[in-house]
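Chain by chain, the residues run as shown.
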Amino acid sequence: MSKVEISGVTKSFGSTRVLEAVDLTVPDGSITAVLGASGCGKTTLLRLVAGFLRLDSGEIRIGDRLVAGDGVTVAPQKRGVGYVAQEGALFPHLDVRGNILFGLARKDRTEARLREMLDLAELPHRVATAYPSELSGGQQQRVAVARALAPRPGVVLLDEPFSSLDTALRESAGRAVVRVLRHAGATGLLVTHDQNEALSLADQVAVMRVGRVAQVSSPVELYRAPHDVDVALFVGGANLVSGTATGERALSMLGELPLLAPVKGEVRLVVRPEQVVLRPEAADGVTRGAVEEVSFYGHDASVRVRLDAPADGVVVSRVTGRAIPAVGDRVGVAVEGAVGAYPVDPVVDGEERAESPA
Ligand SMILES: Nc1ncnc2c1ncn2[C@@H]1O[C@H](COP(=O)(O)OP(=O)(O)OP(=O)(O)O)[C@@H](O)[C@H]1O
């Protein structure tokens, strides 16, 4: 049992409160991503679980054991936790063998364990004698994970482990690391500021905002039913559209749209770009406009449409397939599926905010 339970954890540095009553449970054998902007306290949370920092109040349990809080502070090496730091942080003067076996008692530093860890990390045995500088970034990450897993910890903490890798390598390294964790049956806590990484790799995503957990959900639920507009914008592209909700539906510049959850009154609607479909201008029930900008990404394109009305009405559609329109084309716009509706907050509403998707 290596579930991680974080309850009411608070942490300040001097007079600055960095974490405020954070609650988070990572189920045994699953992977939770902690997603948040730079400086929101992700690394601090991870370091508290590892035991590198002391909490001010609250409790942390690993399995059924209290490791921090209530006067208890278990030393990092006694928590059964592996840590993978940013950029792997391998020892440059040790070869792969030395790195992987580093944290083990002398009697456990066997060739069999080395081979087992290389296999687990999907690394060829011949890299055992290579030095970190001779490996690719992705291989170095896998060695770092193998080193963290070698003492057979129940929990592995990963702090932005892929941040130094380029985009293509990031994806494959991420998937490989998740496979390794699942194979080992370890519980994983992955810190990242990359929404795609969090959504694609984790079983559960905790979105953090200035020291607090804003939402904990499965990736699908987080994307489809974010708790508020800020979470919606943080986890993906969105058209923010004003509307008037009457329960199950809301009236907006994109027509009458069905809502994910009933609400009444003035709302902001979150319409994902992939929900916005382009139709012929003459089609029934569409909102008409002209294509203003096309960004082609290969697998799909982002098409910005200026609506005929209202005058400032702009909507972004994500278009897949071959039928990508050109700038200036006249189109009809329709919305597929239900959308999230969030009551207008008078304070937030007074602020300028971007209406276009990221
Ligand atoms: N040892 C420390 N002493 C003082 N302040 C600290 C210390 N560690 C972190 N902080 C501050 O706490 C806040 C949260 O830092 P933390 O590293 O946890 O954020 P983060 O979300 O991981 O950010 P990033 O993604 O940039 O790493 C920041 O304002 C940081 O400056």
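Going by the structure above, here's the rest.
Here goes a summary of the coordinates provided. Quick caveat, the model's predicted, so the values are computed rather than measured.

## A few points about the sheet that holds strand β3 (residues 31–36)
Right, on to step 1. Read from one edge of the open sheet, 6 strands run β7-β8-β9-β3-β10-β11, paired in mixed fashion. One side of each edge strand has no neighbouring strand; the edge strands of this open sheet are β7 (81–84) and β11 (212–217). Neighbour to neighbour, the strand axes of the sheet diverge by 20° on average, direction disregarded.
Right, on to step 2. Taken together, the 5 bridges between β3 and strand β10 (residues 204–209) define a ladder with parallel strand orientation.

## Here we look at the environment of G69
Right, on to step 1. Among the structural elements, G69 can be located in strand β5 (residues 65–69).
Right, on to step 2. Residues G69 and E134, spaced 65 residues apart in sequence, show a C-alpha to C-alpha distance of 43 Å.

## What about the packing of aromatic side chains?
Right, on to step 1. Applying the stated criterion across every chain yields a total of 2 aromatic pairs.
Right, on to step 2. Aromatic pair F91 and F102: ring centres 4.5 Å apart, planes at 50°, arrangement tilted. Taken together, the positions of F91 in the loop between β7 and α2 (96–101) and F102 in the loop between α2 and α3 (111–120) put the pair 11 residues apart, joining distant regions of the chain.
Right, on to step 3. The exposure class assigned to F91 is partly exposed, which follows from its relative accessible area of 26%.
Right, on to step 4. Sitting over the face of the ring of F91, R147 holds its NZ or CZ atom 4.8 Å from the ring centroid.
Right, on to step 5. Across the ring face of Y223, the terminal group of R272 is positioned such that the distance to the ring centre comes to 4.1 Å.

## Points about the pairing of strand β2 (residues 16–26)
Right, on to step 1. With 7 bridges joining them, strand β1 (residues 4–13) and β2 adopt antiparallel strand pairing. The residue of β2 that forms the bridge with E5 is T25.

## Brief notes about the sheet that holds strand β12 (residues 239–252)
Right, on to step 1. Strand order in the open sheet formed by 3 strands is β12-β13-β19, with antiparallel pairing between adjacent strands. The outermost strands of the open sheet, each flanked by one partner alone, are β12 and β19 (340–343). The sheet shows a mean angle of 45° between the axes of neighbouring strands, direction not considered.
Right, on to step 2. Of the pairings in the sheet, the one linking β12 to strand β13 (residues 255–271) comprises 13 bridges and is antiparallel in character. Directly across from A245, in β13, lies its bridge partner G265.

## With respect to helix α4 (residues 137–149)
Right, on to step 1. Between the first and last C-alpha of α4 there are 19 Å, a value that for 13 residues agrees with the 18 Å anticipated at 1.5 Å per step.
Right, on to step 2. Most of α4 is tucked away, with 10 of its 13 residues classed as buried.
Right, on to step 3. Along α4, the residues that are buried comprise G138, Q141, R142, V143, A144, V145, A146, R147, A148 and L149.
Right, on to step 4. The inward-facing, buried residues of α4 abut β7, α2, α3, β8 (155–159) and α5 (167–184).

## Focus on the site of the ligand
Right, on to step 1. Taken together, F13, V18, A37, S38, G39, C40, G41, K42, T43, T44 and E160 make up the full set of residues adjacent to the ligand.
Right, on to step 2. The side chain of S38 places a nitrogen or oxygen atom 2.6 Å from an oxygen atom of the ligand.
Right, on to step 3. Within the side chain of K42, a nitrogen or oxygen atom sits 2.9 Å from an oxygen atom of the ligand.
Right, on to step 4. In isolation the ligand exposes 640 Å². Once the protein is present, 56% of that is buried.
Right, on to step 5. Residue contributions to the shell around the ligand peak at 3 residues, all from helix α1 (residues 42–50).
Right, on to step 6. Taken together, the residues of the shell around the ligand break down into 4 nonpolar, 5 polar and 2 charged.

Here is what the cut-offs are and how they apply
- Residues numbered from 1 in each chain as written.
- Predicted model: local features only at pLDDT ≥ 70, side-chain atom pairs only at ≥ 80, totals over all residues.
- Heavy atoms only, no water.
- Pairing = 2+ DSSP bridges.
- Helix = DSSP H or I, 4+ residues; strand = E, 2+ residues; numbered from the N terminus.
- Axes fitted to C-alpha atoms, helices over the stretch in contact; angles between N-to-C directions.
- Phe/Tyr/Trp six-rings, centres within 6.5 Å; stacked < 30°, edge-to-face > 60°.
- Buried < 20%, exposed > 50% of the residue type's maximum accessible area, 1.4 Å probe, protein only.
- Lys NZ or Arg CZ within 6 Å of the ring centre and 35° of its normal.
- Expected span 1.5 Å × (residues − 1).
- Contact = heavy atoms within 4.5 Å.
- Near = heavy atom within 4 Å.
- Polar contact = N/O pair within 3.5 Å; in protein donor to acceptor, adjacent residues only side chain to side chain.
- Areas by Shrake-Rupley, 256 points an atom, 1.4 Å probe, with all protein chains shown as cover.
- Nonpolar A, V, L, I, M, F, W, Y, C, P; charged D, E, K, R; others polar.

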